[in-house]
Each structure stands twice: as C-alpha cells, then as structure tokens.
Amino acid sequence: MQSYSAVSYRVVKCVALFAISIAGCQPRNVPGERPKLPGRYTETITAKSGEKISFEMVPVPGGTFLMGSPEGEPGAEDNERPQHKVCVAPFYLCTTETTIELFLEYYQETMSTSQNASYRQKKSTGRSRSDVDAITGPTPVYGDLTMGYGKKHPAVGMTWHNAKTFCKWLSRKTGREYRLPTEAEWEYACRAGTTNIFGFGNDPKRLADFAWYEANSDGEPHEVAGKKPNALGLYDMSGNVCEWVNDFYSPDAYRNAAKESPAVNPRGPTTGSSQNAFYRQVHVARGGDYTGLIEELRCAARFFEETWWRDGDPQMPKSRWWLPQMDLIGFRIASSINPGMLKAQEKQNDGQK
Amino acid sequence: MPETTRKTTSRREFLKNTGRIAATSTLMAGLVSRAYAAPNNTIKVALVGCGGRGTGAASNALSVKSGPIKLVAMADVFEDRLARSYKALTKKHAAQVDVPEGRKFIGFDAYKKAMDCLDAGDVAIFATPPAFRWVHFAYAIKKGINVFMEKPITVDGPSTRKFLKLAQESVKKDLKVGVGLMVRHCRGRQELKRRIENGEIGDIVMMRAYRMGGRAAAVGPKPDGISEILYQIQKFHSFLWASAGMYSDYYIHQIDECSWMKGAWPVEAHASGGRHYRGNYVDQNFDNYSVEYTYPDGTKLLYYGRAISGCKGGFSSYAHGTKGSGVISTRGHYPGKVRTYKGHNMTSENLIWKVPQPEPNPYQLEWDDLIDAIRKDKPYNEAKRGAEASLVSSMGRMAAHTGQIITYDDILNCEHEFAPDVDKLTMDSPAPLQAGPNGKYPVPQPGILKQREY
C-alpha cells in the first residue's frame, strides 16, 4: 500500500484540474428557477420500545461533475471510464451510514415469519395499505444481525433488496420518501465539489483522518462518524463499509452514460451486465470498506456484489435478504428534494420566523 | 472487459487457483482405484431432503471440480420443496442435473427409492431433519453408498447409540462419510489447531462461545391444511424429536470446534435456561441457554445461547491458554478470521498470528475433501465424530432442560427416545409429539422432569 506514492498524483492533478461547476446545469426535472436549497434536518423515529432514534440529512446542491476516473489515476479500473459529464438534481443524503440501531428497529417491526405474517394481516385489517405493518420484511437472519457490533456501528450484511425494503419501511414510518442514492448521486456527494482523488485531497497519508480502511481498521468496521466528514458534512464516504446504491452494475455503464453529455440524473443500466445470469441481477456498492486498500477508497472506485458475498449462506436458493457474516456491506439513505417539498419547508421556515 | 474490481480480482484469482489445484487432482483420479468412484468415473448423487440446506449441499457437490459428478435422484416428503430444489439446481447446474420425473420421489420411503438409483461408490446427501439420519444411514450402509449428512446426526441418547453402531459398520465397509460440520474443513481453523498443538497459546484452560441473536426456531400453532406429522417435519427446529432442537441445531458447530481445539469431548454439562417471552409460540425450545461444559482435565467451555431480540448479539468462540488466547470464530462460521494473541487482551499489539483473508468457503471444502477421498480411496469417515458432537450437544441441552448435571454416560445411556419408531413413519402416522388439550406441546420443566426432557 505504501507503493501508492504521492508522486504519481502530480500527474493526475494536472488531468483532473478540469473545471467543474456546481451550478452549471439545470436538471431537467426541476423546472423554473433554480430553487433555494433547504437546510439540513434531523429525522427522529420512535421505536416500538419508545426509544427515539435520530439521523441527520444534509442537502447536496445539484450540479454537474465529472464522474469516473481520469486517465492516469493510479489504481483506477476500466469500469470507471470514460470519465464523463453528469448532471445531478439536488437531493438529501444521510450524514452517516445506516446504523445497526435503526436497522434493528426495521428488522423487528417487519421481520417475516409465517407466524407474524398472519398476525400482521389480522392486525392491519381495516387499515390502509400504506401502514408500516403491511411491509413484509426480512426473514430471520442466520446468526446475529449485529454480528456482535454496537448500535452505532453501520448495519451490515443485508442484500440490496433488503436495503430497498428498509427504505420503504422508513418512508412509511416517517411520511417522507427515503431511497438509496443513485450511483451518480453517491459519487457526486463523495467528491463534494472537488476534483481530487479522495474527496479531501490527493494525499493518501491523510486517509486515516477520514476513513477506516485496511491500515487503521483493525479488521472490523467502526462506529459511524468516527472520522472527519467531507466538505458536505458526510461521514465515512470512504471506507468503513461499502454502501449499496440504487444502480445495477455493468462494466459498460459509463460508456453508455457518456453518450449523453451531460448525462442527466443517470440511473444506470436497466439490468446488470449480461455476461451471466448472476451478474444480471447485481447492484453497485460504493466507497470501499474497512479492508480497503488505498486505491479502493478513491471517489471513483466501484464495487458490486460478487458470488462470494454469499459464500456464508449454505442454503439454496440463497437468501433474498441476507449476506451472512458479510460485514463489508451496508448502505446510506437519500431523499429527493422536490419543489413541493421545498415550498412546504419554506413555509415552515417562514412560520418559524 | 474485466468484470471485476481490485480486491475482488485478488479474491477471484484466489478461487481460480484453488480450482486449478483441484483440477490437477482430477487428472490423477482416473489412474487410481475405481472401487470408490463409479466405473465411468462419473459420481452419481442422490439428494434426500430437498430443503434450502440440502439443495445448497447438492450445489456444493456439483461444484466439485475433481471429475464428473451429477445429480440423478431426489427425495422429500414435500412435493413443493422438491420442485423448488430441482428448479434452483437446474438453473445453476443445468448440465449436471439428470433427474427425470421418474427419479423424483415423494414420501417417507422416498429415500430408499432415491438410493436405489445409485451404485456402490456413489454418494447420497442426507439433509432431512436429523431424526431420520440413522434410518437413512442404515440403508446406505446396506447398499454400500457413500454419504454426506447434515448435522446434527442424532437427537438423543438412544439414537446416538444406534448411530455409533452404524458408524462402526460403515468403517468396516470402508464407506466414505462426510458430516456437515464444515468448520473442521476450514483451512484457517486447521492452522489454528496446529498452532494450539504446538503450544502457541499454552495449554487451554478455558473456552467460551456465544450464539446470541433474535428470535429463532420458534413457531406458532399448526395451521389448518397440513397434517400434524408434516407440520412437525416442516418446522423441525421447533421439535426436539425431529431436530434435537434449536440448541443442537444452532450450537453444535461451536461446541464441536471448541472441543476440537481442546482435543477432547466434554464429560459433563451443568446448565440453566428458560422461556421468557413466548406469546403464541408453541415450540419446545428455551429462549436462552447458559452451559458449563467440563473436559476430562477439569477445564471448562462456557456456552451462551440466546434467541431474544433486542439483546446484545454474538456469534463467536474463544480459547484461553496458559500463554495466550485464540479466536476460533469471529462472527460466524465463515469467514473464521481466526487469530492468536499473547495474553488475554485481544488487541492488535498482542496479536501473534491471523489467518490471511480472504478464506476459501468451508461449505465447498467439505465437499472437495469428501469427493477427493472417494476418488482416491482414502479412509474418510466422520460418522463417529459427528455422532459424538451431536451427543455432547444433547448433553448440554438436557442439562438445561432438566436442571441436572448430565454426564457423557448419562446422555449416552439415557432411556428417553424422542421418536423410537421414526423408521416406520408414513404420511398417515400420528406425530411422535402430541399437543395437549390446550393445543400446546409438552415442554421441558427443569427441576420437575429430571430424567427426561419433556
């Protein structure tokens, strides 16, 4: 890892000193004038036990950026190229990876066994379908959902499908639409307006200030927000656990996205790479994890589900919900900022004045 | 276009290389004894018990790279499970699944019909609830068929006594028998065992293991539309006769791995446990178990099992020696991430050794090892060891369920046989366990029932 020398970055810097403009694009789905960005907010849910669980959402201003790695970036892979212009509408992103505390609440409220499924059905009679009780959540986890980690550690070992279902549950629980970020949104937020390799700069020596990775993690994920945040106030974008994003994975995704310039709010390919059946259903994860080498913590580095992620699952078909003992993978939630919501918030703000 | 990332490249290369090593042994397989691989060198497999784990085991079998192997017959008591299993296996291993309708068998005698499709030297997979292991194993021995069987393999004292006899017979016939305690095949744990034997952490004076998570193996009353016997088989983790209970099914791996590291089986167990939030659940399991196992030299394994949501979780095993300590399981069976430390504070400064990551998949290794033994005609029989692991699991469970100290001899000679006529069951049989007038099944009563668990 020490061979990843700072010298090679000088070359990169020159290439990367490409002007990007945060305000350079008017996303198509935000008509009219560029809206004023709302502030950050704290969402608090009440667990069934009465405990309060909070998380913080920060606004990410819309804009255009260069997605992928420039020619010559050390450690870059082919699937990160070509670097291409992408325009992203403003959105909210959670400051931290989803915690075990919050994920456990979802699990306990929605876990599906034949037992409580029928119970839920009875209970929800006469209620609207949007009731949180109507969500069929994960089957019981094999082993221990927390994997022995504490409640402020990132939730780990869920499939993409499980992470999506969590978002559905959280949306119904809070009345606000939560979702996974798109791959473009994720990288845009990770870069936070910079054009450098890691988001905070190009010097891998500073990685330990911002990320849990191979050199400092002691072989396990750590509590969220234990390191410095990036310029947007987002913690652990690099390292700790890899984060599911909404897009299918294809090594050609960027070549296709680059056909449009800029690509506006790209959502990735419609299925995964078609080389075999398994990879058709594979999604992207970003950010690297606690075992990550320096090059895997680059803003541009891409990951995706691999067959061995399910090696700990001795069943077949493999679980739709769990990647047993896979403590490398978690997720972070996003939320769209739509004009209606903006107005509502402005009204609220005005009311408070 | 390489469809991969850096880390995963190394992982994939690594797996590829493992495959290559296995492939080398294929070339040699044709030259050695034909007695234990079928004459045409294709090993035929029959799957008995087509649930998720049986199907997974069959998939592992079909993934062994050391020579041709195919699935030829399937058996289950549930038609839909068999159909689901067939579909999943065909999807992944189309060229190796040769199971026409005529070789799909449903019913309590389906195991015989499935094994009748095999020849001596082929392999049967037993992945039904453990209650049926001895029945199926007896038939395999009669037919000279090699076996892979899921754990546990016995459920109580009497079924263990039967099984130990069968194990002896299978050794005499030189059958190759694998038992699904895959941790024994984990290369990291094997290296840890060598290091412990070489004195890296001194003599083991204490071990502890944890299997704590949310609600598990619990079940509500039988719904309409399914017979009592089939309900109990379907929900086998909930019924002691069928599965040996959550205790044995969930905890056997860690009891086995600790005893392996210690180099002995425990001679007695002293335990507690209870039922807390039962609601509408009617299974026979406790919600928590705390067990003190004693080894012949007086040292202990402390085992903690809990299935209560909202409590601290854990899925790990540790050994403490006179010079240091070792991690046998970090957070589950795979990856093991085994390590050794100076002293008992398991910090990075005290680290002596840790197994390199990534690790190969033990669920595949246990099959690679079994098929390798079959093709090369190497002695390979885990039946006795598996029965002993099952027995000491039952020992701890009985200690908790009765509230008494249970010795190895107590459990081995215990007269309470949960399902004595399991070999005679048919679709119309009454279930081996009957619910009381309140619709609830009998459960353990520590301090009241002392000689039997319910």
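The structure this text deals with has already been given above.
Everything numeric here is computed off the predicted structure, so don't read it as measured data. (Residues numbered from 1 in each chain as written. Chains lettered and ligands numbered in written order. Predicted model: local features only at pLDDT ≥ 70, side-chain atom pairs only at ≥ 80, totals over all residues. Heavy atoms only, no water.)

A separate point is the overall build of chain A. A count of helices and strands for chain A gives 9 helices and 11 strands. By the burial criterion, 57% of the 353 residues in chain A qualify as buried. When contacts within chain A are restricted to residue pairs at least 6 apart in sequence, long-range pairs at least 24 apart make up 76% of them. (Helix = DSSP H or I, 4+ residues; strand = E, 2+ residues; numbered from the N terminus. Buried < 20%, exposed > 50% of the residue type's maximum accessible area, 1.4 Å probe, protein only. Contact = heavy atoms within 4.5 Å.)

Buried accessible area, meaning the area lost when the parts come together, often serves as the stated size of an interface. Contact residues are listed per partner, giving 45 residues for chain B and 43 residues for chain A. Both sides together, the interface formed by chain B and chain A hides about 3800 Å², and carbon and sulfur atoms give 50% of it. Summed over the shared surface of chain B and chain A, the number is 2 salt bridges. At the junction of chain B and chain A, the tally comes to 11 residue pairs in polar contact (both at pLDDT 80 or more). Listing elements by their share of the side of chain B that touches chain A, those giving two or more residues are helix H1 (6-29), helix H2 (52-62), helix H3 (79-93), strand E7 (204-213) and strand E11 (314-321) of chain B. Residues that form the side of chain B that touches chain A fall into these classes: 14 nonpolar, 19 polar and 12 charged. (Buried area = accessible area lost by both parts, 1.4 Å probe. Salt bridge = Lys/Arg side-chain N within 4 Å of Asp/Glu carboxyl O. Polar contact = N/O pair within 3.5 Å; in protein donor to acceptor, adjacent residues only side chain to side chain. Nonpolar A, V, L, I, M, F, W, Y, C, P; charged D, E, K, R; others polar.)

Okay, the pairing of strand E2 (residues 69-76) of chain B next. All names here are of chain B. Across the 8 residues of E2, 7 count as buried, placing the element largely inside the fold. Judged from the 6 bridges that link them, strand E1 (residues 43-48) and E2 form a sheet pairing that is parallel. Across the sheet, isoleucine 43 pairs through a bridge with isoleucine 69, a residue of E2. Since E1 and E2 lie parallel, the crossover through H2 that links them has a hand, and here it is right-handed. Summarising the sheet, E2 and strand E3 (residues 104-106) pair through 3 bridges and their orientation is parallel. Residue pairing in the sheet places aspartate 76 in a bridge with isoleucine 106 of E3. Note on the crossover from E2 through H3 to E3: the handedness is right-handed. (Pairing = 2+ DSSP bridges. Right-handed = clockwise from strand over helix to strand, strands pointing away.)

Moving on to unusual backbone geometry. At the junction of methionine 316 of chain A and proline 317 of chain A, the peptide bond is cis and its omega measures out at -5 degrees in the coordinates. For proline 317 of chain A, the position within the fold is in the loop between strand E9 (302-304) and strand E10 (329-331). The peptide bond linking tyrosine 334 of chain B to proline 335 of chain B adopts the cis configuration, its omega dihedral lying at -10 degrees. Its location among the elements puts proline 335 of chain B in the loop between strand E12 (324-329) and strand E13 (339-342). In this structure, aspartate 236 of chain A is a non-glycine residue whose phi angle is positive, near 55 degrees. Residue position: aspartate 236 of chain A is located in the loop between helix H6 (207-210) and strand E6 (242-248).

Below, the discussion takes up helix H5 (residues 183-191) of chain A. Residue and element names in this part refer to chain A. Burial within H5 is extensive, with 9 of its 9 residues counted as buried. Taken together, the buried positions of H5 are Glu183, Ala184, Glu185, Trp186, Glu187, Tyr188, Ala189, Cys190 and Arg191. Once H5 finishes, alanine 192 follows within two positions and takes phi at roughly 50 degrees, a positive value.

Inspection of the entire model under this criterion finds 53 salt bridges over all chains. We note a salt bridge from arginine 81 of chain A to glutamate 71 of chain A, for which the minimum N-O separation is 3.9 Å. A residue pair is termed long-range when its members are at least 10 positions apart, and arginine 81 of chain A in the loop between strand E3 (63-67) and strand E4 (84-88) and glutamate 71 of chain A in the loop between E3 and E4 qualify at 10 residues. Note on arginine 81 of chain A: relative accessible area 15%, which makes it buried. Note on glutamate 71 of chain A: relative accessible area 58%, which makes it exposed. The residue arginine 194 of chain B makes a salt bridge to glutamate 191 of chain B at a minimum N-O spacing of 3.1 Å. Highlighted residues: arginine 194 of chain B and glutamate 191 of chain B, both in helix H7 (residues 187-197), separated by 3 residues, approximately one helical turn. A relative accessible area of 22% means that glutamate 191 of chain B is categorised as partly exposed. Salt bridges sharing partners connect three or more residues here, namely Glu183, Glu187, Arg191, Arg286 and Arg302 of chain A.

Another aspect to go through is the nonpolar core. Membership of the largest hydrophobic core comes to 106 residues, with the highest contact counts inside it found for Phe126, Phe137, Met149, Trp241, Tyr293 and Val422 of chain B. The dominant element in this core, judged by the number of residues it contributes, is helix H12 (residues 383-402) of chain B, at 9 residues. Counting 48 residues, the second-largest nonpolar core is a separate cluster that includes Val141, Trp169, Trp322 and Ile333 of chain A. (Core = buried A, V, L, I, M, F, W, Y, C linked by side-chain atoms within 4.5 Å.)

Read these as spatial facts, not as claims about activity.
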